[in-house]
Amino acid sequence: MALHRARRLLGPLATLLLVLLPGSAAFRSGPHDAVAGPPSVGPLDHRHLAIVINAADPLSETIGRTYQAARLIPAAQVIRVRFPPGVSDLSPQVFRSVKRMVDRLTPAHVQVYALAWAAPYRVGCQSVTSAFTFGLDDRFCATGCRTTALSPLFARGDVNRPWDQLRLRPSMLLAATSPDKARSLIQRGMASDGTAPPGTAYLLSSSDAARNTRASGYGRVAATVGSRFRVRLLRSDALVGADDVMAYFTGLAFPPGIRTNRYRPGAVADHLTSFGGRLVDSTQMSALRWLEAGATGSYGTVVEPCNFPEKFSDPGLLLSYYLRGDTLIESYWRSVAMPGQGVFIGEPLARPWPAQDAFRPDAVSGARPRRAR
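(A) Local environment of the environment of Gln-341. Secondary-structure assignment places Gln-341 in the loop between helix H10 (328-335) and strand S14 (342-346). On the basis of relative accessible area, Gln-341 is assigned to the buried category, the value being 1%. Among all residues touching Gln-341, those that are not within four sequence positions of it are Cys-125, Ser-127, Phe-140, Ala-142, Thr-148, Gly-300, Thr-301, Val-302, Val-303, Glu-304, Pro-305 and Lys-311. A polar side-chain atom of Gln-341 sits 3.3 Å from the main-chain carbonyl oxygen of Glu-304. Within the structure, Gln-341 has its side chain in polar contact with the side chain of Lys-311 (distance 2.8 Å).

Okay, here's the thing in structure tokens:
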């Protein structure tokens, strides 16, 4: 892992970041230009999500059917494609064929995708969720300790219809390795809806200096969301026996004791390390372990990212958007500046807090949308 090299790059990178106001044209350049016409109103919900199922994979069929029934997804928004099941890395050639079919079958009003599988999690140099969202695009790839293109969705709280406004459909894996685990994940997401659950965000500053790069921003997280959400900053490699986890962020290859905690429905958790997004065959702890421990959403990288915090979730952004009533898929996607190498997993429509306008998109986590020059 080339993490130590990236630490030296983080300082110079910060001087290259340009602060942009939400809606700036700089986020609308390139092949993802916004289209004319106002976006539809109201919160994103089951009417705006399409499920993509691999019809060659019985488990994918089960996951997709279960989610359709649970979330009342219209039949026209269930898309079946075929590709070899059980592969971790889908070839770009096969992906292009699959994506053409998905694009052709997706109703125009759909804004986001739920992908009903844990593998494949990667397409060439991108994660599968990045590939479905942006298409195959080398700007979202990197070899060695280099940055990638910024996501047009990063910190964009003003984008409530990503397809209508940006011609992007964010995607998330309904990742599970058995029908029972899929049902449990879906049930947790649904159980969280509108409950405004009590709980605590645990931000762990670990002893792994290379993977602890998010910790310097933990104070801003507490300042931003602390008035509405309990936040605990801990200098520790482990959280053990907590019974009120709504969020858990750390930086380790193998966070210990995660199954000893009780995760509230809708909880989010992830660990900054190189290969947490290699869901079924990682040499480090897979992000799937968070879902199996009881979390409802997680994130991990599938290609060596080095330790740029921008390639992982910003806890302050994620929690702020979640607290204002955004869905899990919206909140997680808004929180990662450079998601090309990372995969989002969980129950996309989980919405623990009722939709409202408590947070301005330019006042979240002490940051505004940014891009590298």
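(B) Structural view of the packing of aromatic side chains. Counted by the stated rule, this structure contains 14 aromatic pairs. Geometrically, the ring pair formed by Tyr-299 and Phe-312 is edge-to-face, given 6.4 Å between the ring centres and 85° between the ring planes. Highlighted residues: Tyr-299 in strand S13 (residues 297-301) and Phe-312 in the loop between S13 and helix H9 (315-323), separated in sequence by 13 residues. Under the relative-accessibility criterion, Tyr-299 is labelled buried at 1%. On the basis of relative accessibility, which here comes to 2%, the residue Phe-312 falls in the buried class. Members of the aromatic cluster, each reached through a chain of ring pairs, are Phe-134, Phe-140, Tyr-299, Phe-312, Tyr-332, Trp-333 and Phe-344. For the cation-ring pair, Arg-169 lies above Trp-163, with the distance from its terminal atom to the ring centre recorded as 3.7 Å. Between the NZ or CZ atom of Arg-334 and the centre of the ring of Tyr-321, over which it lies, the distance is 5.3 Å.

(C) Region of the structure containing unusual backbone geometry. Put simply, Ala-119 and Pro-120 share a cis peptide bond, and its omega is 10°. The phi dihedral of Arg-167 falls on the positive side, at around 60°, and the residue is not glycine. Mapped onto the elements, Arg-167 comes out in the loop between helix H5 (162-166) and strand S8 (171-173). Phi angles above zero are rare outside glycine, and Ala-196 is one such case at about 40°. Here Ala-196 lies in the loop between helix H6 (179-192) and strand S9 (200-205). Note on Ala-196: relative accessible area 40%, which makes it partly exposed.

What counts as what
Residues numbered from 1 in each chain as written. Predicted model: local features only at pLDDT ≥ 70, side-chain atom pairs only at ≥ 80, totals over all residues. Heavy atoms only, no water. Helix = DSSP H or I, 4+ residues; strand = E, 2+ residues; numbered from the N terminus. Buried < 20%, exposed > 50% of the residue type's maximum accessible area, 1.4 Å probe, protein only. Contact = heavy atoms within 4.5 Å. Polar contact = N/O pair within 3.5 Å; in protein donor to acceptor, adjacent residues only side chain to side chain. Phe/Tyr/Trp six-rings, centres within 6.5 Å; stacked < 30°, edge-to-face > 60°. Lys NZ or Arg CZ within 6 Å of the ring centre and 35° of its normal.

Don't take any of this as a statement about function, it's just geometry.
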